[in-house]
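So the chains spell out like this:
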Amino acid sequence: MAQHPRTSETDETSIADRNNGLTRRSYVRSLAAVATAATSVGAAATAAADGDDYEVIEASGQTITIDSGETWENKLIDMTTGQDVVITAHGTDWTIRNVGFKGENTSGTGSATFGISDTDPSGSSTIENVYLGDGSDSRNASSSGHGQTAFWVDPDHAGHIDFENVNIQGFADNAIYGSAPGTGAGGTIHIDSSFAANCYVSHFRLATEGSKVTNSSVYVDDEGYAGRGIWAWAPGTIEVENCQIEMNGQNTAIDAGANGKATDVVVKDTDYDDAAGISEHAGSNVRLGDDVGTDPEPFIPEGVPRSPEEAAAGD
């Protein structure tokens, strides 16, 4: 089975070598769900939901490859088999849409569910309406942060990738690990209208100028993985706008810089958890606008799927 190995959280230099009473916690979890995609490699069936058809794919250790120009959509990935599935999308002008993962992801330590890049410097690809809310299971849920990542962006990423309406929860490593292009081809990432909760290492991790997180929310409760909210690597600058970052006092809300290299973060119209705070390393600078506050109210943005079935059906 193909894997997407990653370096540790503190060393990315070698990365180019790899090809509810209704408490706040229960409220957030009641709204969130998990969805991911896979092509028909193994048992597949067709299901109907709200008038929309989607394919059910049973995880059986398969690898699914999405090629340039391809749209891969309306898939319900059944992870209750106890097996794994890996999805790779490289090339350019590809789209992953309406994908939901049902059940915990079971990839081995040091892997990722999605390995992605747009390798055309003038190209653009899209990930939208994906549910990965059921998290990773205890076999890879290492508290050291070397368990499973939801989305791994390859250092060969040279173009642009848009994430929209994505729901990621309970992964033992980064939710969206998008900093590798900062040591590689320099491609950009825009995370918009998405939700990430209770993941370790970090939730949204970016590195290249032009990359940003907008209209999104990060939530960490007192029992889940306490990864950083947003982690900005060099060279930057990274933009954060109209986001809510609730850490419940754990780890760091916005972390800038790593491996002795500085970066800048520009924050606008955002609330972050002041108890978790902001960290600036190696001369990094987090610039806060006048409209930045410290009273976050985490939310699941409109359009983000709250269940695997909802994602797969495109509802």
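Basis of the calculations
Residues numbered from 1 in each chain as written. Predicted model: local features only at pLDDT ≥ 70, side-chain atom pairs only at ≥ 80, totals over all residues. Heavy atoms only, no water. Helix = DSSP H or I, 4+ residues; strand = E, 2+ residues; numbered from the N terminus. Buried < 20%, exposed > 50% of the residue type's maximum accessible area, 1.4 Å probe, protein only. pLDDT = per-residue confidence, 0-100. Contact = heavy atoms within 4.5 Å. Phe/Tyr/Trp six-rings, centres within 6.5 Å; stacked < 30°, edge-to-face > 60°. Pairing = 2+ DSSP bridges. Core = buried A, V, L, I, M, F, W, Y, C linked by side-chain atoms within 4.5 Å.

*Asks:* Mind laying out the overall build of the protein, listing which residues take part and the relevant values?
*Replies:* Along the backbone of the protein there are two helices and 24 strands. When burial is assessed residue by residue, the protein has 58% of its 315 residues classed as buried.

*Asks:* Outline the confidence of the model for the protein, listing residues and values.
*Replies:* Parts of the prediction with low pLDDT should not have their coordinates interpreted in detail. Residues with a pLDDT of 70 or more make up 79% of the protein, whose mean pLDDT is 84. Here residues 1-51 is a poorly scored stretch, pLDDT under 50, and it has 182 contacts once near neighbours within four places are set aside; other chains count.

*Asks:* I'd love a proper account of the packing of aromatic side chains, names of residues and values included.
*Replies:* Counted under the stated rule, the structure contains six aromatic pairs. Here the aromatic rings of Phe114 and Phe151 are separated by 4.5 Å at their centres, their planes lie at 15 degrees, and the arrangement is stacked. Of the two residues, Phe114 sits in strand β7 (residues 112-116) while Phe151 sits in strand β9 (residues 149-153), which places them 37 residues apart along the sequence. Owing to a relative accessible area of 0%, Phe114 belongs among the buried residues under this scheme. Ring centres 4.9 Å apart and planes at 75 degrees place the aromatic pair Trp152 and Tyr177 in the edge-to-face group. Placement of Trp152 in strand β9 and of Tyr177 in strand β11 (residues 176-178) is noted, with a sequence separation of 25 residues between them.

*Asks:* How would you summarise the environment of Asp315 if you had to cite specific residues and measurements?
*Replies:* Residue position: Asp315 is located in the segment after α2 (308-313). As for Asp315 and Asn98, which are separated by 217 residues in sequence, their C-alpha atoms are 8.4 Å apart.

*Asks:* Explain the pairing of strand β8 (residues 124-132) to me, using residue names and the numbers behind them.
*Replies:* Sheet topology note: the strand β6 (residues 95-102)/β8 ladder contains five bridges and is parallel. Across the sheet, residue Val99 finds its bridge partner in β8, namely Val130. Bridge analysis of β8 against strand β10 (residues 160-169) gives eight bridges, and the strand direction is parallel. Note that in β10 the partner of Ile127 across the bridge is Phe163.

*Asks:* Pulling in residues and values, what's your account of the nonpolar core?
*Replies:* Core analysis: the largest hydrophobic core is formed by 55 residues, its most contacted members being Ile96, Ile116, Ile127, Phe151, Phe163 and Ile168. At four residues, β10 tops the list of elements feeding residues into this core. Sequence-distant contacts of Ile127, defined by excluding residues within four places in its chain, comprise Trp94, Ile96, Ile116, Phe151, Ile161, Asp162, Phe163, Glu164 and Val166.

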